[in-house]
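So the chains spell out like this:
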Amino acid sequence: TLLVDRGLAAAAEIAAARMTAKDLDLPLGRVLLARGAIGEGELLAALSEVHGTDIARLTARPPDRRLATFLPRDVALAAEAVPWRDAGGAVIVATARPDLFAVLAETVGPDIRIVPALATRDEVLAAQTALWGDDLAREAETRAPEHLSCRTWQPRRVLLRGLPIAAALTLFGVAFPMQAALSIFAITLLVFVANVTLKTAAFVTMLGEPSRKRLAQAPPPDIAPHLLRPPVVSILVPLFREAEIAGRLVGHLNRMRYPPERLDVILLGEEDDTTTAAALRDAPMPHWMRVITVPRGHPRTKPRALNYALSFARGEIIGIYDAEDRPDPNQIAHVVRRFDELTPEVACLQGRLDYYNADHNLMAGLFTAEYASWFRVVLPGVQRMGLFVPLGGTTLFLRRDPLEKVGGWDAHNVTEDAELGLRLARAGYRTELIDTTTFEEANAAVLPWVRQRSRWLKGYLITWATAMRQPVELWRDLGTWRFFGLQAQMLAAVLGFFLAPVLWSLVLLPFDIGHPLNTILSPAQGALLGLAMMGSFVLSVAVSVHACAPPHLRRLRKLAPMVEFYYTFGTFAAWLGAMELLSKPFFWAKTRHGIYGGLAEAETEATPDG
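Not measured: the values here are computed from a predicted model. (Residues numbered from 1 in each chain as written. Predicted model: local features only at pLDDT ≥ 70, side-chain atom pairs only at ≥ 80, totals over all residues. Heavy atoms only, no water.)

### Here we look at the overall build of the protein
Of regular secondary structure, the protein possesses 25 helices and eleven strands. The C-alpha atoms of the protein give a radius of gyration of 27 Å, which matches the 25 Å a tight globule of 610 residues would have. Seen through its principal axes, the protein has C-alpha atoms that stretch 95 × 55 × 40 Å. The buried share among the 610 residues of the protein stands at 54%. By sequence separation, contacts in the protein at least 24 residues apart represent 80% of the contacts at least 6 residues apart. Summing over all exposed atoms, the protein offers an accessible surface of approximately 26800 Å²; the carbon and sulfur share of this is 61%. In the protein, 63 positive and 63 negative side-chain charges are present, and the distance between their average locations comes to 3 Å. (Helix = DSSP H or I, 4+ residues; strand = E, 2+ residues; numbered from the N terminus. Rg over C-alpha atoms; globule rule 2.2 N^0.38 Å. Buried < 20%, exposed > 50% of the residue type's maximum accessible area, 1.4 Å probe, protein only. Contact = heavy atoms within 4.5 Å. Areas by Shrake-Rupley, 256 points an atom, 1.4 Å probe, with all protein chains shown as cover. Lys, Arg positive; Asp, Glu negative; His and termini not counted. Charge placed at Lys NZ, Arg CZ, Asp CG, Glu CD.)

### A word on the pairing of strand E4 (residues 233-239)
Taken across its seven residues, E4 has seven buried, putting it largely inside the fold. Because side chains alternate across E4, one face comprises the buried residues Val-233, Ile-235, Val-237 and Leu-239, and the other comprises Ser-234, Leu-236 and Pro-238, equally buried. Taken together, E4, helix H11 (residues 246-253) and strand E5 (residues 263-270) constitute a β-α-β crossover, and its handedness is right-handed. In terms of strand pairing, E4 meets strand E7 (residues 317-320) through four bridges, oriented parallel. Within E7, the residue paired with Val-233 across the bridge is Ile-317. (Right-handed = clockwise from strand over helix to strand, strands pointing away. Pairing = 2+ DSSP bridges.)

### A look at the layout of surface pockets
In this structure, the second largest pocket spans a volume of roughly 1400 Å³. Lining the second largest pocket are 32 residues, with Val-158, Gly-162, Ile-165, Leu-169 and Leu-495 sitting closest to its centre. Put simply, the parts of the chain that give the lining of the second largest pocket at least two residues each are helix H8 (155-175), helix H9 (177-207), helix H18 (446-467), helix H20 (480-498) and helix H24 (569-581). If you tally residues by element for the lining of the second largest pocket, the top one is H8, at eleven residues. (1 Å grid on protein atoms, 1.4 Å probe; cavity = no way out; pocket = protein on both sides within 12 Å on 5 of 7 lines; lining within 4 Å. Points joined across faces, edges and corners; volume = space filled by probe spheres on them.)

### A few points about the confidence of the model for the protein
Residues at a pLDDT of 70 or more form 94% of the protein, whose mean pLDDT is 88. Below pLDDT 50 for its whole length, residues 211-217 participates in 18 contacts with residues either more than four positions away or in separate chains. With pLDDT under 50 throughout, residues 600-610 is counted as low confidence; its partners more than four residues away or in other chains account for 30 contacts. (pLDDT = per-residue confidence, 0-100.)

### A short note on the state of the cysteines
Inspection of every chain in the model, using the stated rule, returns zero disulfides. Cysteine Cys-348 shares no disulfide, and the gap to the nearest cysteine sulfur, in Cys-150, comes to 19 Å. (Disulfide = S-S within 2.5 Å.)

### Details of empty space enclosed by the protein
Left-over empty space is what a probe sized like a water molecule reveals as it rolls over the atoms. Counting across every chain of the model gives five cavities of 30 Å³ or more. As a volume, the largest cavity reaches approximately 150 Å³. What lines the largest cavity is a set of 14 residues, among which Arg-30, Leu-263, His-287, Trp-288 and Arg-314 lie closest to the centre. Of the residues contributing to the lining of the largest cavity, the split by class is five nonpolar, one polar and eight charged. Taken as a whole, the second largest cavity encloses approximately 80 Å³ of empty space. (Nonpolar A, V, L, I, M, F, W, Y, C, P; charged D, E, K, R; others polar.)

### Thoughts on the pattern of salt bridges
Taken as a whole, this structure holds 27 salt bridges when the rule is applied. Taking the shortest distance from any N to any O, the salt bridge between Arg-73 and Asp-74 comes out at 3.4 Å. Of the residues examined, Asp-74 reaches a relative accessible area of 53% and is grouped as exposed. A salt bridge links Arg-338 to Glu-432; its shortest N-O distance comes to 2.6 Å. Of this pair, Arg-338 sits in helix H14 (residues 331-341) while Glu-432 is found in strand E11 (residues 430-440), placing the two residues 94 residues apart along the sequence. Among the charged side chains, a salt-bridge network with shared partners connects Arg-73, Asp-74 and Glu-139. (Salt bridge = Lys/Arg side-chain N within 4 Å of Asp/Glu carboxyl O.)

### As for the sheet that holds strand E9 (residues 346-355)
Spatially, eight strands are ordered E6-E5-E4-E7-E10-E9-E11-E8 in an open sheet, and the strand pairing comes out mixed. Each edge of the sheet is formed by a strand with only one pairing partner; in this case those strands are strand E6 (289-294) and strand E8 (326-327). In this structure, E4 lies alongside E5, joined through seven bridges in parallel fashion. When the sheet's bridge partners are listed, Pro-238 is paired in E5 with Leu-268. Its contacts with the sheet place H11 against E4, E5, E6 and E8, and it is angled at close to 170° to E5. (Axes fitted to C-alpha atoms, helices over the stretch in contact; angles between N-to-C directions.)

This is how it looks when you write it as structure tokens:
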């Protein structure tokens with residue numbers, strides 16, 4: 001009534017919001033704020049009059065740190081409240097949610113009197129960060145179970161254990177050079193067979209998919225009609241040195257077609273990243289979008305920021321986007337509908353990635369073709385074969401309960417997505433690929449590509465090594481099929497890049513110029529090995545051509561024969577990753593965005609159907 005009398009909202013607008021508030025069990029003011037019907041200052045003034053409470057100015061007078069333990073921290077975070085001042089026999093609690101004040105009163109017991117005061121959400125958030133931010137940051141660093149985390153990885157210990165083995169292998173190579181060379185080739189061929197077998201199986205599995213489904217994205221979904229209370233979805237977007245694209249990101253997220261009162265978008269900035277913070281301050285954003293600053297700490301990684309944000313997130317479903325993403329506006333509704341159709345054992349839905357700057361240069365085109373193969377052939381094939389699905393770092397959506405049960409993200413793992421996929425699989429959960437696409441900016445320069453890929457391969461190595469510290473337990477958790485699948489998916493995948501030069505040397509076989517295999521292979525056997533190498537090349541081309549079947553990717557089919565040559569850069573990345581594994585295992589090589597034509601080319605509304 002106050003809002004209508006003051007001319008702040010129309011009666012019809014209020015009536016519609018009241019119906020939604022009743023259906024979703026939300027206060028009227030939250031619905032109006034989420035819909036942009038009123039401003040927060042106007043709402044607080046009306047609530048102050050309704051509840052007979054004061055409005056606290058937390059920026060002018062910060063909360064008393066001595067009161068940090070007065071309220072249970074997690075309850076206060078959920079209720080958007082913070083203990084503010086000691087009023088002599090009572091404690092004034094500032095809150096942005098007066099409707100939840102009764103919950104706070106119950107947590108402190110009948111012997112303690114608390115008095116409510118109103119404050120803006122951002123002021124409460126800043127006060128919560130001041131009181132509990134450091135503790136939350138430390139917890140974020142160790143959230144994953146220690147025996148499943150790579151934080152106990154010690155390069156010095158690995159070197160001390162590895163040096164004697166390396167010395168013994170070197171002596172063996174000096175004493176028996178031919179046997180050593182043949183052993184290397186045998187290992188290389190075993191890795192080659194593992195990689196080709198996995199890719200072939202995934203490809204054959206996907207060939208059975210109907211072409212119509214393969215080429216077209218699902219029609220734009222609405223939320224399932226029977227979901228009278230659609231779940232709150234929290235979207236976490238880590239940002240670091242993204243000032244150039246921060247404003248564009250806000251615009252893309254603002255186009256999401258999902259009830260705004262059930263959206264909770266959290267933009268995560270690092271404490272010392274002042275340029276991105278300034279860009280976000282200049283970007284107008286709706287009330288369902290907020291900025292949270294992650295306190296300084298070690299390691300400074302994306303998974304640490306995600307763990308920190310999880311304490312503030314309100315959603316039953318947690319989604320992850322990257323700063324340069326442009327997701328399908330219907331994506332969240334699609335995810336909610338699909339989760340509703342699935343059993344609880346499906347803990348994660350992974351969307352596809354595509355690239356809006358594929359025409360920037362040759363590298364961008366090859367990068368796009370590679371990802372088409374990964375998200376349209378390999379990953380779906382792996383899922384159908386019942387192997388564990390290594391997650392991508394974006395466009396993934398998780399049920400909150402399983403995520404918290406497995407311990408969130410491993411803050412020290414630089415390939416946190418694939419590692420989380422493995423831990424979910426070990427806990428008995430499944431991941432499903434979902435028919436929705438997010439567009440990103442392709443990495444379009446060789447050196448940045450190598451640095452980015454070295455981080456991924458380093459993460460694969462440390463994930464595999466951490467899991468294999470207790471191989472029997474891993475085998476028991478995954479089962480035989482997925483256990484051996486893991487060896488191909490992670491170990492063989494990385495070793496394939498390491499050992500690629502050994503395969504390259506096979507081009508010398510026909511010329512009889514001293515190749516070690518000439519001593520044991522007959523000409524017919526050498527020819528058979530050559531045919532196997534050619535078959536691998538044909539397989540890669542076929543996978544790329546098949547993956548680039550959608551209309552907006554068909555122009556990239558002409559690049560398919562070059563994909564194998566593009567992969568040669570992976571060898572340099574693998575060796576760089578191995579060196580970092582022994583020197584700076586938790587170092588996060590930052591990939592810059594907005595520099596490969598993405599800012600301009602993102603304006604073109606490319607769609608998965610062309």
